[in-house]
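Below, each chain spelled out in residue letters.
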Amino acid sequence: MAQNNSFVDDFDASIATAFGALVKATKAAGRLGDDVAFHRTLDESVDARLEQASQRTLAMANHLWMTSRADASQAVSSADDIAARNGEGQWAGGPQFGAVMDAVDTLLERIDVGLDALAKNSAHQLRTSVGAQSAAVVTSVGRDVRVVHAQNMPRPQLQFRDAIDNSPSTPFVWRIRSKPHARVPLDYGLPSAAVAGSTLGQHLQTLGISRPATPASSGAGTPRRGRAPPELSANQLAEALAGAVAALPHPYEYEIKHYDAPAHLFAEAQPLAPCDWDATPFTFVDTPELLAAMLAHLAGAAEIAIDLEHHNFRSFQGFTCLVQLSSRTQDFVIDALALRDSLHQLNAVTADPLITKVFHGAESDIVWLQRDFGVYVVGLFDTYHASHVLNMEHHSLAHLLKL
């Protein structure tokens, strides 16, 4: 405890000491050169000292790795498991290179979070640049763009209710607990008794999901097109289980594969000119009440346009900051940070097969909607891919808007 207090009381000096030791070790390793193996064969004392240093370093690395990863069941037995020279003398990653890199990312993230928390604790007056946010600075970029930024800006993801997990071994789990516009229940494709006691079942239970829903409680209702839901099947995950954590099926896979486009999309029609910019109402949606009002408006639309703004500064995966939606008569911009836990309600619109959702280059948008909010799109029209089908000379949104 005394050592920790000393570290906090003189933070800058402690960091300088640690950094100095790191620089010294790095320089010493750099002076070894590329012919270390040759010199080890010539001098047994050199070989013994290098082996001792190697084992000490590997032991420290193993300690950090085992304490930073909940799934680290086996220590690294050799440095060659991390990286080794190939036949051409070039360094190449070993079988545990990826796992070690993930551990380093986890440790750095924990350090960053710890420094943020420590800086906010008034009991510790850190004499360091890591502290409260500085005054905002406005930087001009070009003629019409201004960027507002500041040092040590608090990270929005620290306020997320859902814990961020960057581990590649953790399977994706639905954020939704109900399924609007369902043609099959939410648990369609999930094993029932087969999942109990398995690694997948245990993982779901830690997230409060024993089985996401039963056919009677999933909110499936009557299919919009009048088709009877098929029998519940476990075949989709049967092979994937095998005692390991398996990925859950896409909750709207059946609806997407059996999508019936509205008839009016195939009828000849004249293009509709957009409303005047200044005459179109705009709403910034940052409260549950405004979100509910927006959904009520969009529920009556035949088509809506959607675009997302994504942010990955000081974030491994990144996260969605803004969701922009427009009907023919109104524009909405949603504060996706303030309403992150409520945006699954967008499924009332995005999963409605009678409403066409218009995107431009939707590949990333679809991933972000599903990952961050549990929002799924049934009935997608992508103007980027449409421009390719029509063999247009250019495919950018700016070009299409000029036509």
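Not measured: the values here are computed from a predicted model. (Residues numbered from 1 in each chain as written. Predicted model: local features only at pLDDT ≥ 70, side-chain atom pairs only at ≥ 80, totals over all residues. Heavy atoms only, no water.)

*Asks:* Would you take a moment to explain the packing of aromatic side chains for this structure?
*Replies:* Each aromatic ring pair is characterised by the separation of its centres together with the angle its planes make. The full count for this structure, using the stated rule, is 2 aromatic pairs. Ring centres 5.6 Å apart and planes at 90° place the aromatic pair Phe 160 and Phe 319 in the edge-to-face group. In this pair, Phe 160 sits in the loop between β4 (145-149) and α6 (199-206) while Phe 319 sits in strand β7 (residues 319-326), placing the two residues 159 residues apart along the sequence. Just as Phe 160 is buried, Phe 319 falls in that class too. Ring centres of Tyr 252 and Tyr 376 lie 5.6 Å apart, and the angle between their planes is 35°; on these two criteria the pair is classed as tilted. In this pair, Tyr 252 is assigned in the loop between α7 (235-241) and α8 (253-257) and Tyr 376 in the loop between α11 (363-373) and β10 (380-382), connecting sequence segments 124 residues apart. Each member of the pair, Tyr 252 together with Tyr 376, is buried. (Phe/Tyr/Trp six-rings, centres within 6.5 Å; stacked < 30°, edge-to-face > 60°. Helix = DSSP H or I, 4+ residues; strand = E, 2+ residues; numbered from the N terminus. Buried < 20%, exposed > 50% of the residue type's maximum accessible area, 1.4 Å probe, protein only.)

*Asks:* What exactly am I supposed to notice about a nonpolar patch on the surface here?
*Replies:* A contiguous nonpolar patch, built from Val 104, Leu 108 and Ile 111 and spanning about 270 Å² of accessible area, is present on the exposed surface. Structurally, Leu 108 is set in helix α5 (residues 97-120). Residue classification places Leu 108 among the exposed residues on the basis of a relative accessible area of 54%. (Patch = residues over 30% accessible without salt bridge, like charges linked within 9 Å, V, L, I, M, F, W, Y side chains within 5 Å. Areas by Shrake-Rupley, 256 points an atom, 1.4 Å probe, with all protein chains shown as cover. Salt bridge = Lys/Arg side-chain N within 4 Å of Asp/Glu carboxyl O.)

*Asks:* Before we go on, may I ask you to explain α11 in this structure?
*Replies:* Every α-helix carries 3.6 residues per turn, so stepping three or four residues along brings you back to the same face. Burial in α11 covers these residues: Asp 365, Trp 368, Leu 369, Gln 370, Asp 372 and Phe 373. Looking at the buried side of α11, the elements it contacts are β6 (303-311), β7 and β9 (356-359). (Contact = heavy atoms within 4.5 Å.)

From the geometry alone we can't say anything about function, so treat these as descriptive.
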